[in-house]
Amino acid sequence: MFPLQDPDRPRHLGVVIADVSGKGIAAALLMAFVRPIIRAALDRSGNPVAALERTNQILVEERRTGLFVTVLCGVLNLDTGTFTFANAGHEPPLLASPAGTDPVWVEGGGPLVGMFDRLGLVEQRLEIRPGERLVLFTDGITDAASPAGDRFGYERLRDTIGASCLTGGAVDTCRAVIQGVLAFQADALPADDLALLVLRRLPPA
């Protein structure tokens, strides 16, 4: 998450969460390569679709590796709570309310970055209303396995997030999810690394 370096877009944050399809040194190197490209492209355009198409073009034309990247890339307007984003094969985010209702999956997306010549993504837009939070995560959370081989899964993640919204803030949601995953895994080996980002719009003072 970073402020856009565009004087025409004050109080706008770039928001990116990504995950490489493989593991090991090759995957780490690819992520290190992709990260500044996405940031520069989003800074330059302020458009998540254009930023991901530009990133995809560079990967396809200059760095074919056999690995692909899932990316959710967006721009958050801090004044209005509007989140404009595009999803290239990444896990769907969850929009959660403190009102006790179940968090809602924000569906929609396209192919992984680096897989095809063009992504054909569609820009999506939602409003994070006061008190709501948007939760972005990688599949290391839902794929976490118990010693018996059960997955943490999407339903357990949604329930954990929903319970955390009743009293706590963004930090409490992060803590609840990570602690829930670690307790679920117990002494089982991690399936993957964990990444979690919670955007919460503060209610009026």
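Description of the structure in this document. (Residues numbered from 1 in each chain as written. Predicted model: local features only at pLDDT ≥ 70, side-chain atom pairs only at ≥ 80, totals over all residues. Heavy atoms only, no water.)

Examining the state of the cysteines
Then step 1. In the structure shown here, the tally under the stated rule is zero disulfides.
Then step 2. There is no disulfide at Cys-73, and the cysteine sulfur nearest it, in Cys-174, is 20 Å away.
Then step 3. Looking at Cys-174, it has no disulfide partner, and the nearest cysteine sulfur is the one in Cys-165, 11 Å off.
Then step 4. Cys-174 gets classed as partly exposed once you look at its relative accessible area, which sits at 24%. (Disulfide = S-S within 2.5 Å. Buried < 20%, exposed > 50% of the residue type's maximum accessible area, 1.4 Å probe, protein only.)

Some thoughts on the pairing of strand E2 (residues 12–20)
Then step 1. Of all nine residues that make up E2, eight are buried, and the element is covered over most of its length.
Then step 2. Bridge analysis of strand E1 (residues 2–3) against E2 gives two bridges, and the strand direction is antiparallel. Pairing of Pro-3 across the sheet is with Leu-13, part of E2.
Then step 3. Looking at chain direction, E2 and strand E3 (residues 69–77) are connected through nine bridges and run antiparallel. (Helix = DSSP H or I, 4+ residues; strand = E, 2+ residues; numbered from the N terminus. Pairing = 2+ DSSP bridges.)

Some points on the packing of helix H1 (residues 25–45) against helix H2 (residues 48–62)
Then step 1. At a minimum axis separation of 8 Å, H1 and H2 run at an interaxial angle of 140°. Classed by the angle they form, the pair H1 and H2 counts as oblique. Both H1 and H2 take part in a crossing whose hand is right-handed. The segment H1 lies against H2, with Leu-30, Phe-33, Val-34, Ile-37, Ile-38, Ala-41, Leu-42 and Ser-45 engaging Pro-48, Ala-50, Ala-51, Arg-54, Thr-55, Ile-58 and Leu-59.
Then step 2. Considering only residue class, the contact of H1 with H2 consists of twelve nonpolar, two polar and one charged. (Axes fitted to C-alpha atoms, helices over the stretch in contact; angles between N-to-C directions. Parallel < 35°, antiparallel > 145°, perpendicular 65-115°, else oblique. Left-handed = near helix turned anticlockwise from the far one by under 90°. Contact = heavy atoms within 4.5 Å. Nonpolar A, V, L, I, M, F, W, Y, C, P; charged D, E, K, R; others polar.)

Overview of the sheet that holds strand E5 (residues 94–96)
Then step 1. In spatial order, the strands read E6-E5-E8-E9; together these four strands make up an open sheet with antiparallel pairing. Each having just a single partner strand, strand E6 (104–105) and strand E9 (196–200) make up the two edges of the open sheet.
Then step 2. As judged from the two bridges shared by E5 and E6, these two strands associate in the antiparallel manner. Bridged to Leu-95 within E6 is Val-104.
Then step 3. In this fold helix H5 (residues 170–185) packs onto strand E8 (133–137) and E9, with an angle of close to 150° to the strand it touches most, E9.

Some thoughts on the packing of helix H4 (residues 153–164) against H5
Then step 1. Between H4 and H5, whose axes approach to 9 Å, the crossing angle comes to 140°. One way to sum up the angle between H4 and H5 is to call them oblique. The way H4 lies across H5 gives a crossing that is right-handed. Residues Arg-156, Leu-157, Thr-160, Ile-161 and Ser-164 of H4 pack against Asp-172, Thr-173, Ala-176, Val-177 and Phe-184 of H5.
Then step 2. Its residues assigned to classes, the contact of H4 with H5 shows five nonpolar, three polar and two charged.

Any functional reading would require information beyond the geometric quantities listed.
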